[in-house]
Amino acid sequence: MPEIVDADTHIIEPPEMWAHLDESLYSRRPVVVKVPNDTLYGNTNAMWLIDGQIFPRPGGKGGFRIATPSAQERQQLRTDVPLGSRELTDPAVRVSDMDRDDVDFQIVYPTLFLIYVTADPVLEAGLARAYNKFLGEACAATNGRIRWVAVLPFGSIDASIEEMHLAKEAGASGLFFMGMAGERSLADPYLFPIYEEASKLNMPICIHIGSGNPALNDVFDFQLSGVFLSSSSLPIVGFRDLVLNRIPDRFPDLRFGLLEATASWVPHCLYTMRRQFGGDAEGWGPRLFEENRIFIACEVEEDIPYLVNFIGEDHLMMGSDYAHTDPAREAQMTAKMKERTDVPQSTIDKALGSNARLFYGL
Amino acid sequence: MAEIIDADTHLNEPPEMWDYLDESLHSRRPVVVTIPNDTLYGTTNAMWLIDGQIIPRPGGKGGFRLSTPQAQERQQMRTDLPLGCRDLTDPALRVADMDRDGVQVQVVYPTLFLVHITADPELEAGLARAYNRFVGQACASTQGRMRWVAILPFSSVDASI
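The rules behind each value
- Residues numbered from 1 in each chain as written.
- Chains lettered and ligands numbered in written order.
- Predicted model: local features only at pLDDT ≥ 70, side-chain atom pairs only at ≥ 80, totals over all residues.
- Heavy atoms only, no water.
- Contact = heavy atoms within 4.5 Å.
- Buried area = accessible area lost by both parts, 1.4 Å probe.
- Salt bridge = Lys/Arg side-chain N within 4 Å of Asp/Glu carboxyl O.
- Axes fitted to C-alpha atoms, helices over the stretch in contact; angles between N-to-C directions.
- Helix = DSSP H or I, 4+ residues; strand = E, 2+ residues; numbered from the N terminus.
- Parallel < 35°, antiparallel > 145°, perpendicular 65-115°, else oblique.
- Left-handed = near helix turned anticlockwise from the far one by under 90°.
- Nonpolar A, V, L, I, M, F, W, Y, C, P; charged D, E, K, R; others polar.
- Buried < 20%, exposed > 50% of the residue type's maximum accessible area, 1.4 Å probe, protein only.
- Expected span 1.5 Å × (residues − 1).
- Bend = angle between axes of the 7 residues up to and from the residue.
- Pairing = 2+ DSSP bridges.

Asker: What is the right way to read the interface of chain B and chain A from this model?
Answerer: Many authors give the size of an interface as the accessible area that is lost as the parts come together. Between chain B and chain A, the contact holds 21 residues from the first and 21 residues from the second. Of the roughly 1700 Å² buried where chain B meets chain A, counting both sides, 58% is carbon and sulfur surface. If you look at where chain B meets chain A, you find two salt bridges. The partner of A:Arg29 in a salt bridge is B:Asp38, and the shortest N-O contact between them spans 2.6 Å.

Asker: So what exactly am I meant to see when it comes to the packing of helix α5 (residues 157-170) of chain A against helix α6 (residues 192-201) of chain A here?
Answerer: Two measures define how a pair of helices packs: the angle their axes make with one another and the distance between the axes. Residues and elements named next belong to chain A. Where α5 meets α6, the axes come as close as 10 Å, and the angle between the chain directions of the two elements is 15°. Put simply, α5 runs roughly parallel to α6. The two elements α5 and α6 meet at a crossing, and its hand is right-handed. Each of Ile157, Ser160, Ile161, Met164, His165 and Lys168 in α5 lies in contact with α6, whose residues at this interface are Pro193, Ile194, Glu197, Ala198 and Leu201. Of the residues in the contact of α5 with α6, the class split is seven nonpolar, two polar and two charged.

Asker: I'm lost on the pattern of salt bridges in this one. Help?
Answerer: Between side chains of opposite charge, a pair can form when the charged atoms approach closely. All names here are of chain A. The tally for this structure, following the rule as stated, stands at 28 salt bridges over all chains. A salt bridge links Arg28 to Asp120; its shortest N-O distance comes to 3.6 Å. Of the two residues, Arg28 is situated in the loop between β1 (5-10) and β2 (31-34) and Asp120 in the loop between β5 (105-109) and α4 (121-140); the sequence distance between them amounts to 92 residues. Judged by relative accessible area, Arg28 falls into the partly exposed class, the value being 21%. Judged by its relative accessible area of 24%, Asp120 is partly exposed. Salt bridges sharing common partners tie together Arg28, Asp51 and Asp120.

Asker: Sorry, what's going on with helix α16 (residues 345-360) of chain A here?
Answerer: A turn of α-helix holds 3.6 residues, and therefore any two residues three or four places apart point the same way. Residue and element names in this part refer to chain A. The terminal C-alpha atoms of α16 lie 22 Å apart, and with 16 residues this matches the ideal 22 Å at 1.5 Å per residue to within 8%. Considering bend angle alone, the principal kink of α16 is centred on Ala351 and spans about 55°. The complete set of buried residues in α16 reads Thr347, Ile348, Asp349, Ala351, Leu352, Gly353, Asn355, Ala356, Phe359 and Tyr360. Looking at the residues trailing α16, positive phi occurs at Gly361, about 70°.

Asker: Could you clarify how one ought to interpret the sheet that holds β5(A) in this entry?
Answerer: The strands making up a sheet associate through hydrogen bonds between their backbones, and the pairing can be parallel or antiparallel. Residue and element names in this part refer to chain A. Here we have eight strands laid out as an open sheet, ordered β1-β5-β6-β7-β10-β11-β12-β13, and parallel in their pairing. The strands lining the two open edges of the sheet, one partner per strand, are β1 and β13 (316-318). Within the sheet, the average angular offset between the axes of one strand and its neighbour, ignoring direction, is 30°. Here strand β11 (residues 256-259) runs beside strand β12 (residues 294-298); their pairing, made up of three bridges, is parallel. Bridging across to β12, Phe256 finds its partner in Ile294.

The following block contains the structure:
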């Protein structure tokens, strides 16, 4: 059996992370605030206070829920994953979990940065630096078993490029994006210098679900609409923007991945694009993913044989969402995939391992 | 000498005020959050969390400073006025201060409501009602020495009237 790569796991950012914040930003560090558990926020009753805003804001318009800080009662009550593993303050515990789950490599994505945190470029750069330093140190203790994608301060291209070099040097395996970079489309020329540098550094563009656009997030009432459009569907917007604006053609060495958005949206999206822009069905199928070097993370329970008709078996990956508890979490990812008799063995092997190795350059 | 009227004084809203909030809004009541005193906010290190926003937001763009909630260190360290006087949980104490200062009547204005708190009409109406109930009760015990101006929920004219 080839090595297994869990292409999408998470860290729950601990308060210790901000010890890596530049001293000049110490007074602006994220701090935890707590509220009683009988408010609108229920047992999501601890938040980060950053730049005058609370994260998460688990109720009302512009609301969203994330599994950090760990001081939330709902996090304290968890027994699924040990705290030191979730927060990566004890990487060895996490590696033990990987051994138990038959996973050789984990790729770590953030939790706090799944939402747009601040418009201030100085603070944004400082937080990204602290995150990447903390992750670099934690991952370095795992003999390459745990890798991470670097967070970039998109408010400054210069700072982003500097961060990319430092992160690459520290071992980062990709660059964290959401379906939009703040108010910008992923096809915005503003981002081209980052794509150019990512090509040179061989760092893939990792487009994860998340509320990348703050204005869009503010449109929806969390209790009524959840984050379906503002977060879960945003990678689809990114995919369309990249493909229709031929960004992969412009950066022919760059790889793009879409994480935690499932893969079942692909047939729908390809159909609507073909309907709008014409062309033969083959061009809106596996060839598109091959030619544009786009990888899609799918879920264990999806109709993978059907999806392979659209994506091809060389561009599927799998992530367990380890450390989170939302519906994307697949605790027995490897075992459940191996149990699937309706999926060819070659597809299983590629989705669980070699495709992600190629995507992340492992 | 005519009676002296202090036409502009303030109340620093206490947590007890929200006991007057309609029960249906209990889970949305303002709650106090506290943070360390070595952040950007210094000793203004306690805020109200209301409708997903912190108030005051004593730093940065859109920032402002208010002398509520009283859990702020800068409020706790005050010696100019007793706490029960500031937050009107002890109106008799405030009347004693007025006597000392030669003031016959005080008119009370809010502190928290010096900023726009929420765009939600229901919560806005509930907070205004709680404020007016609390202050009405506090002033009623002063034989007319203390008066207040009512808060209105301006996003609903019906509710305001």
